Amino acid sequence: MRTFAFARADSVERAVERRQGEPASAFVAGGTTLLDLVKLDVMRPSRVIDINALPLKSVERLHDDRLRIGALVTNTDLAYHPDVLADHPLLSQAILAGASTQVRNMATTGGNLMQRTRCPYFRDPTAACNKREPGSGCDARDGFNRMHAVLGGSDQCVAVHPSDMCVALAAIGATLTLQGPNGEREIDVADFHRLPGATPHLEHDLDDELIVAVTLAPPLKPLGTAYVKRRDRAAYEFALASAGAMLSLDEDLIGEARLALGGVATKPWRCHEAEALLAGKRAEIAAFEAAADVALADAEPLSHNAFKIPLARQAIVRALRDAARVAREDNA
Amino acid sequence: MSATPEHHVVGRRTPRVDGEAKLTGHADYTVDHRLVGMLHGYPVPASIAHGRLEALSLDAARAMPGVVDILHHGHFPDLHRSPNSMRDGDAVSEVRLPFEDNRIHYHGQYVALVVAETFEQARAAAFRVAPRYRQEPGAMPGLAASDAEGSEAGEYTRGEPELAFGLAPVILDETYTMAAESHVPLEPHATLAEWREQDQRLVVHESTQGVFYQRNALARIFDLPEERVEVISHYIGSGFGNKLFMWPHAVATAAAARMLGRPVRTVLPRQQDMMTTGNRPASRQRLRLGAELDGTLVSIQHDSLTETSMVDHYVDACGGVTTSAYACDNVATRQRILPVHHGTPCPMRAPGEVSGLFALESAIDELAVALDMDPLALRLKNYADQDPQRGLPWSSKHLDRCLEGAAERFGWAARDPRIASMVDGDEIIGQGMASATWFAGRQPCAARVTLLADGTVVAACGTQDIGTGTYTIVAQTVAELTGVPIERVEVQLGETSLPAGPLSGGSMNTASTLPAVAAATRDALAALKAVATGPGGDFAGLAPESLGVESGALVAEGRQASFAEILAHRRLADVTGEGNAAPGDERREYSFRSFGAHFVEVRWDPGISRLRVARVVSSIDVGRAINPVAARNQVEGAIVMGIGMGLLEGLDYDPRDARLVNANVSDYRIPVHADMPEIDVELLDYPDYRFNELGARGIGEIGLTGVAPAIANAVYHATGKRLRDLPITVEKLLASDEAPTGL
C-alpha cells in the first residue's frame, strides 16, 4: 500500500511547520479533491496534514465592513451565510451552482481555491500531462478536449480551472491571507492562480503556505448580480461556460460592472476590458453583446470546443441582462 | 389502473419482499461476502488501445507490501475458450481469455492481475506494475471516425422495397448516428472465487444476470464437469445487460484462486468497469422511406452499421424492430458490423431495437413534416394490425390505445405544430412523440416449491433478481395459488444449486419464471392433497381433486385443515413440487410484442442554448403487470435512461489512438435528479393469456425504446433543428443551421 505520514495540526503555525522539509506534503480539509486524486494515483503525498481542527471556520465583518471568511468555512455555510447573501449574492449563487449538496457540505473555502482541474488526462496517470508530470507533454491539446480552455491556455496546458466559487471571487475582488514559515502575507485573488505558460504544474502563488482567510472587497451598491452556468446536465457538473456578473445602475446607465468567466479559461477569468466598456453605457442587450465580444476577443478554440465561445457569449449576455434586471428592481 | 380484487396478490401493488434486507444492509451482494484467507485482485488495464505489450516490469510491484502474486501472460494457466453458445448456455461476453497473448486490442484490456492481502495493497501495487507497450498506428476510435462499411451481419427483405422507393411520390433518405453508451450499473462487477477442497468444487460469487450461463462457461474454461462449479448471485445492483455473460475479470479471478489455493475477490473500479465490461456500440443507420401522398408507407429500407471489437463479433441488430413496426409491403433491413479498438460491446437495455427505433421514429417524424401530417395520425395510418413480417396475428396489441391515451393525457391536440410557436418567457416549448416496442420472449425454466410443516412455503429457482423485483413477483405467485400470506413465503434465487432458471435479460424473466413457479406450486399442492387424502390424512378417503385451496388450507365438505396441520398429522416435515415451463406452440399461431407510446415536452432557451426535458407522458402495453408498483418503476427508470441517451450520454474516445477518455461517472454524464422531468406513466391492463397463464409479457426494456426519438422530435418542434446524432449536446444545437423545413 502507498503509505503517507498523517498529522493533525492544532494551530496554524503548527500546520505550516509540519509541512517543512516535506515537499510532497498536502493539507487536507474537506478532502473532496485530495482523496479522489490519491485513489487515482495522481497525487502522491508523503505527508498529509489534517487542518480541520484549526480555528478558521467563521465569517467576520471587519471594521471597514468587509467580510473575512475563514479558510475552513464550508461551501454550504458560506453560500447561506446572511452577510454573504446580503452583501455578495453572486458568491452564494456561484457556490450553489457547483458540485452537489454533499460535496458542498464537505468542501471548504480554502480547498475550493486549491481544487485541481478535471482534465481527464491529468486524472489518468498513464496519460501525458505537463501539469501532473512536467515535461511529459499534453495529451489534451490534440486529443479529446471538449471540456478544455479557450482562454489562457499555452502549448503546455489547456486545462480549465473548474471552480464556480472562484469566478465569483474574481468578480467581487478579494484578498487572500496566507500563512507561511516566515509569517503572514496578503495577496490579491487575481494573482493567486497562475496561468499555465511553460510551468503548468505551478498552479498557485504559494510558497509552503496555508490559506487562512479570504477577505472580500467592499460590496457594490446598488447591485444586481447573476451567475449563469451552462453545463450539459442540470446539476452536479462542471461548467462548459459560466459567467458571473455584477452591475450597479444609475437610472438606466451602468455605474460599475464586473464580469468573470468560468469553464472556459485556465484560471478564474476576470474581464476588465469588458467591464470598462460597460461603464456609463445604457443597460441594454447591444451593450452586453459588445462586452461579450470584447471579453472573448482572445479566445482560441481547440479541436472539440469551438462551441464554448458562442456559449460563453450567451452566458455573458444573459448574466448581464439578469444582473441589470435585478439592479433595476432594487432601484425601483 | 385496473382494480385488483382484495384476495388476489398477483396484480396488486406489493412492496418488495427484499426491501427490508436491502435497507438494513442484510442483502448479501457479491462484495459483502468475505471468506477466511480471502485475497484481493486488482487488474492492471492497458493504457493503449492498439499494439503489443512488449515487456512487463513487475519488480517494484512485487516488492510492495502484501503482494502475493501477479498473474499475466507469462504466468497464467492454459485454459480453454468457452464455446460461447447461447443454445448450450455457455455464452460469454468476451471469448478471448485474459492474458491470452501479448496483443492489445482496446484501452483497459487487462495485462495483469495483482493479488494481495488487502484491496488497498492490490491497488497500490497495480499502479507500480510497469508495462512497456509498442503502440501501433491505425487505431480505430469508432465508426464515426471512419467511412468503412464493415462486414455483413444479416439482412431481411419482403416485397420490392427499392422499386417501391423509386416510385413513391414522397421519399425520405436520412442517416442517423448514435454514440456508444455505457451501462453504468450502480454496483460494479465483482467476482469472489473459491476452490473448495472439501468437495472439490469451484464456488463463485458474481454479480451476474445469469448464474447458469456463468457456471457452464466456467466449467468449459476450466475443463470441469458442470456439477463441480457453483455460481451464486443473491443480489445484483442492476446490470442493464452488461452482467448477462461472463467477462475476463471473472476468469482471471477464478484462475488466481486455483493457483494460490485461497479465495480471491476482485471488484472492478468504476474506470475499469466502464472500459472492460461492454457498451452499447455506436451506430450509423440510413433510413429510406417511401410514402403515398396520403401517408401510406410503401417502402422502408433500414441499413445499419454497428461497432464490434477486434476480439469478438457482436451484432447490435438495429433493424429487428423495423420489420414489423408498420404495415408496409416492401421492407428491407441490412445489418453490418465494424471492428473498432474498443472493449467488446454487449446487449444494453433493449439492444438493437432502441437504436433502431431512434432512427425509424425520427424518420417517421420527418416524413410527417414532409407530408404536412400530424405524426400521430401518420403512425395510426400505417398501423400494423397483424405482424407484417410473419403474417400472424398479434397475441395482444393495443398500441392504438397507447398512442391515443397518452396523447389525450399529454394534451397533444393543443399542440401548435409550427416550429418555435409555443413560447413561455425565455423558453420555447417543443413537443414530440414516438412509439415504443420490444419483443416478448420466454426461456425454459424450472422451479421447486416446498410446503413446510410450520406453515411457510419456500419457492426456489436458479434465476436472478437484478433489482427489478423478481423475489417479490415469485412470492406473489406462490401466495396467490396457496393463499399463504406473502410474508410466509420465502424465495430463493441466484444459485446454480437450485432448479435451472433463465437469464434476467430481454424482459423475459417474468414470463419465463412465473409459469414454472406456478407449475411447481400446483405440483406441491397436489402432493399435499395426496398426503391429506391418504390413510391417516385429514381428508382420508376423499378424492384429491375434490379438495380446494383457501388461505393456506385445504378445504372439502365444509371442513378445512391448514397445510401445517395436514403435514403434522402425517408426521411430515414438508412436501415438495417441481415445475417446468417453456415456450410452446403458441409461437406458431401468434406474434408476441409489447407496445407503448411516449410524448415528450422539451424546453429550449435559445438565448443560452439550454435544452431540458420538462415532461414525459407514456402509455405502456405489456399485458398484465404482476406488481404494478415495480412495473411502473421500471418504465420511469427507463425514461430517465432515455433522457440520458437523448441528451447526455456518450463514450468519448481519443480521436488519435482510441483511448477511452471519460470512463468515470463525472465525465460520462448520466441524468441527475435535477434533470428529472414530470413523468406520467400509464400501464394498460390487457393480460396476454396467449403468451402464458399469467398474462405478463415483461417490462424491463420497453420503457427505454422510443424515448430518444420522441425527444429529438420535440427538439425539432422547438428549434427547427433536426438532430440526427445522439446525444443531442449543446455543440450540435449551436452548430446545426439546417433550414427548419424537415427535408
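Residues numbered from 1 in each chain as written. Chains lettered and ligands numbered in written order. Predicted model: local features only at pLDDT ≥ 70, side-chain atom pairs only at ≥ 80, totals over all residues.

The name an unreviewed UniProt entry gives chain B is Xanthine dehydrogenase YagR molybdenum-binding subunit, with Halomonas cerina as the organism. What the UniProt record of chain B gives under Sequence similarities (unreviewed entry) is the line "Belongs to the xanthine dehydrogenase family." (UniProt positions renumbered as here; feature names shortened; annotations may be inferred.)

The name an unreviewed UniProt entry assigns to chain A is Xanthine dehydrogenase YagS FAD-binding subunit, from the organism Halomonas cerina.

**Some remarks on the overall build of chain A**
Of regular secondary structure, chain A possesses 12 helices and 12 strands. Its C-alpha atoms give chain A a radius of gyration of 20 Å, near enough to 20 Å, the size a compact globule of 332 residues would have. Based on the C-alpha atoms only, the size of chain A along its principal axes is roughly 60 × 50 × 35 Å. Here chain A, with 332 residues, has 54% of them falling under the buried criterion. Relative to all contacts within chain A whose residues are 6 or more apart in sequence, the contacts with residues 24 or more apart total 65%. (Helix = DSSP H or I, 4+ residues; strand = E, 2+ residues; numbered from the N terminus. Rg over C-alpha atoms; globule rule 2.2 N^0.38 Å. Buried ≥ 20, exposed ≤ 12 C-beta atoms within 10 Å, placed from the backbone. Contact = placed C-beta atoms within 7 Å.)

**Some remarks on the interface of chain B and chain A**
Across the contact, 31 residues belong to chain B and 24 residues belong to chain A. Taken together, the elements giving at least two residues each to the side of chain B that touches chain A come down to α3 (119-128), β28 (610-621) and α17 (730-735) of chain B. A class-by-class count of the residues in the side of chain B that touches chain A yields 13 nonpolar, 8 polar and 10 charged. (Nonpolar A, V, L, I, M, F, W, Y, C, P; charged D, E, K, R; others polar.)

**Looking at unusual backbone geometry**
Here the bond from L726 of chain B into P727 of chain B is cis, since omega is -5 degrees, no more than 30 degrees from zero. By the element assignment, P727 of chain B lies in the loop between β30 (725-726) and α17. The backbone of Y236 of chain A shows a phi angle near 55 degrees, a positive value even though the residue is not glycine. Within the element layout of this structure, Y236 of chain A appears in the loop between β9 (224-230) and β10 (241-250). For Y236 of chain A, a count of 19 C-beta atoms within 10 Å gives the class partly exposed. Positive phi outside glycine occurs at D223 of chain B, with the angle close to 55 degrees. The topology assignment puts D223 of chain B in the loop between α5 (211-221) and β11 (229-232). Take D223 of chain B: there are 9 C-beta atoms within 10 Å of it, and that puts it in the exposed class.

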